[in-house]
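A look at the structure
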Amino acid sequence: MPLVSMRQLLDEAAKGGYGVGAFNVNNMEQIQAIMEAARETKSPVIVQASRGARSYSQDKFLYHLMLAASELYPEIPTVLHLDHGNSFETCKSAIELGFTSVMMDGSLKEDGKTPSTFEENVDVTRRVVDLAHSKGITVEGEIGVLGGIEDGHGAGGTGLEHITDPDQAVEFVDKTGVDALAIAIGTSHGAYKFSKKPDGSVLKMDRLIQIHKRLPQTHLVMHGSSSVPKDLQDIINQYGGKLKPTWGVPVEEIQLGIRNGVRKINVDTDNRLAITGAIRKVFMETPEKFDPRDYMKPAREAMKKVVALRMTQFGQAGHANDYSPISLAEMKKRYESAMAHA
Ligand SMILES: [Zn+2]
């Protein structure tokens, strides 16, 4: 099965009332972990790569690994998505390489750090939508600014400085025609999201629900949505790591989001923790080993477990075979006819 459009996966998720995890990758083992978890749970899949991941892997390696994934797992609808594109050019290069979905994060300027104006965001996102839709490719936009910094991208801060304004969200979707919208509700990138279990003062689920009521047809995206489970932190620290105590986004809050229009949930940190914990354990327990497979294999297995668990918790499990993939050429026609009727 060729790589498919993210729009189709999210439309199906909306019909079925479930969410789809979007897992970040840099290398072969992470892709294998996700695909194995998808096969085991019969889940549709979104694999995503940030700019940092693209440069780490020289992105052609990544792309061809994804082609291998779609060949080896033909029963799994699989999307390759660009996470946090910072400019029209970045998105264009991803589309040219073969990504089937791109995020244009125009909430920040091209430096990936400075918040942009609403008009700048609309302008660059609209241009990416025009290009992407003319090829049947999906676009995720972002309004409001997330906390933290990931891969050098992000405004820093707690995530509460620029939470998404519902009126702006409505205007943004109307003016850009994005397929999916990332909103800022107090989450941050990275491991250190909250200093205690988050409540409504720091994680603004009420704001998400307001936005969904105003934009019931728009697929909402939760970024920075690792749960940072204590058991994964403990494994790292038990085997010589030095993580400070931290809290992520509880799975039950994500599930509340899914009941209120969230269709894509970005998870990276949990997988990083699982991989690192597994590797540390091998290093500490069997320091005589030096074949990378001796620690990459358990690392891959540990990530697979986390991904399979999230797929079940988000509700995507069991839905891989609900539909047959729509070609990008057909998606392009659908966008054209929607434009003609607008
Ligand atoms: Zn993000």
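We now turn to the structure provided with this report. What you see is a predicted model, and the numbers here were worked out from it, not measured in a lab.

Some remarks on the overall build of the protein
If you tally the helices and strands in the protein, you get 13 helices and 8 strands. For 342 residues, the compact-globule estimate of 2.2 N^0.38 gives 20 Å, and the protein sits close to it at 19 Å. Overall, the protein is about 65 × 45 × 35 Å in size when its C-alpha atoms are taken along their principal axes. A sequence separation of at least 24 residues applies to 78% of the contacts in the protein between residues at least 6 apart. Taken as a whole, the protein presents about 14500 Å² of accessible surface, with 54% of it coming from carbon and sulfur. The averaged location of the 44 negative side-chain charges in the protein is 2 Å from the averaged location of its 40 positive side-chain charges.

Considering the sheet that holds strand β8 (residues 262–267)
Pairing within the closed barrel is parallel, and its 8 strands lie in the order β1-β2-β3-β4-β5-β6-β7-β8. Taking the axes of each pair of neighbouring strands and ignoring which way they run, one obtains an average angle of 25° across the sheet. Relative to β8, strand β7 (residues 219–222) runs parallel, the two sharing 3 bridges. Residue Met-222 lies in a different strand from β8, and its bridge partner there is Ile-265. Across the sheet, helix α1 (residues 6–16) is in contact with β1 (20–24), β2 (45–49), β3 (78–85), β4 (101–104), β5 (138–143), β6 (180–183), β7 and β8; its angle to β8 comes to roughly 120°.

A look at the environment of Gly-19
Secondary-structure assignment places Gly-19 in the loop between α1 and β1. The class for Gly-19 is buried, based on a relative accessible area of 0%. Residues Gly-19 and Thr-78, spaced 59 residues apart in sequence, show a C-alpha to C-alpha distance of 15 Å. Discounting residues that sit within four places of it in the chain, Gly-19 has contacts with Ile-258, Val-262, Arg-263, Ile-265, Phe-314, Gly-315 and Gln-316.

Observations regarding the coordination of the zinc ion
Coordination of the zinc ion by the protein involves His-84 (NE2), His-189 (NE2) and His-223 (ND1), with metal-donor separations of 2.0 to 2.1 Å. Sequence positions of the donors to the zinc ion reduce to the motif H-x104-H-x33-H. With His-189 in the loop between β6 and α8 (205–214) and His-223 in the loop between β7 and α9 (230–238), the pair connects residues that are 34 residues apart, well separated along the chain. The same class applies to His-189 as to His-223, namely buried.

Brief notes about the side chain of Arg-54
Relative to the assigned elements, Arg-54 resides in helix α3 (residues 51–56). For Arg-54, a relative accessible area of 9% translates into the label buried. If we skip the residues at most four places from it in the chain, Arg-54 touches Ala-49, Asp-59, Leu-82, Thr-90, Ser-93, Ala-94 and Phe-99.

Side note on the side chain of Arg-263
Mapped onto the elements of the fold, Arg-263 is located in strand β8. Separated by 3.2 Å, the side chain of Arg-263 and the backbone oxygen of Ile-258 make a polar contact. Other than its neighbours up to four places away in sequence, Arg-263 contacts Leu-10, Ala-13, Ala-14, Gly-17, Tyr-18, Gly-19, Val-20, His-219, Leu-220 and Ile-258.

Side note on unusual backbone geometry
One non-glycine residue, Gln-58, adopts positive backbone phi at about 55°. Within the secondary structure, Gln-58 sits in the loop between α3 and α4 (60–72). The backbone phi angle of His-84 is positive, close to 50°, even though this residue is not glycine. Here His-84 shows up in strand β3.

Remarks on α8
Residues Met-205, Leu-208, Ile-211 and His-212 constitute the buried set of α8. Down the axis, α8 shows its buried residues gathered within 115° of arc, on one side only. Its buried side turned inward, α8 meets α7 (166–176), β6, β7, α10 (251–258) and β8.

Observations regarding the packing of α9 against helix α11 (residues 269–285)
α11 packs onto α9 with a crossing angle of 30° between their chain directions and a minimal axis gap of 8 Å. Considered as vectors, α9 and α11 are oriented roughly parallel to each other. Classified by chirality, the crossing of α11 by α9 is left-handed. For the pair α9 and α11, the contacting residues are Leu-232, Ile-235, Ile-236 and Gln-238 in the first and Asp-270, Leu-273, Ala-274, Thr-276, Gly-277, Arg-280 and Met-284 in the second. Tallied by class, residues from the contact of α9 with α11 come to 6 nonpolar, 3 polar and 2 charged.

Considerations on the pattern of salt bridges
A pair can form between side chains of opposite charge whenever their charged atoms are brought close. Scanning all chains against the criterion turns up 22 salt bridges. Salt-bridge contacts for Lys-304 lead to Glu-40; the nearest nitrogen and oxygen are separated by 2.8 Å. Remark: Glu-40 occurs in helix α2 (residues 28–41) and Lys-304 occurs in helix α12 (residues 292–314); sequence separation between them is 264 residues. For Lys-304, a relative accessible area of 14% translates into the label buried. Taking relative accessible area as the criterion, Glu-40 reaches 51% and is therefore assigned exposed. Here Glu-336 and Lys-332 are joined by a salt bridge, their closest N and O atoms 3.4 Å apart. On the criterion of helical spacing, the pair formed by Glu-336 and Lys-332 is a turn pair, its members being 4 residues apart in helix α13 (residues 328–341). Glu-336 gets classed as partly exposed once you look at its relative accessible area, which sits at 43%. A residue is classified by how much of its surface remains accessible, and Lys-332, at 32% relative accessible area, is partly exposed.

The rules behind each value
Residues numbered from 1 in each chain as written. Predicted model: local features only at pLDDT ≥ 70, side-chain atom pairs only at ≥ 80, totals over all residues. Heavy atoms only, no water. Helix = DSSP H or I, 4+ residues; strand = E, 2+ residues; numbered from the N terminus. Rg over C-alpha atoms; globule rule 2.2 N^0.38 Å. Contact = heavy atoms within 4.5 Å. Areas by Shrake-Rupley, 256 points an atom, 1.4 Å probe, with all protein chains shown as cover. Lys, Arg positive; Asp, Glu negative; His and termini not counted. Charge placed at Lys NZ, Arg CZ, Asp CG, Glu CD. Pairing = 2+ DSSP bridges. Axes fitted to C-alpha atoms, helices over the stretch in contact; angles between N-to-C directions. Buried < 20%, exposed > 50% of the residue type's maximum accessible area, 1.4 Å probe, protein only. Donors = N, O, S within 2.8 Å, 3.2 Å for Na, K, Ca; no water. Polar contact = N/O pair within 3.5 Å; in protein donor to acceptor, adjacent residues only side chain to side chain. Arc of directions from axis to C-beta. Parallel < 35°, antiparallel > 145°, perpendicular 65-115°, else oblique. Left-handed = near helix turned anticlockwise from the far one by under 90°. Nonpolar A, V, L, I, M, F, W, Y, C, P; charged D, E, K, R; others polar. Salt bridge = Lys/Arg side-chain N within 4 Å of Asp/Glu carboxyl O.

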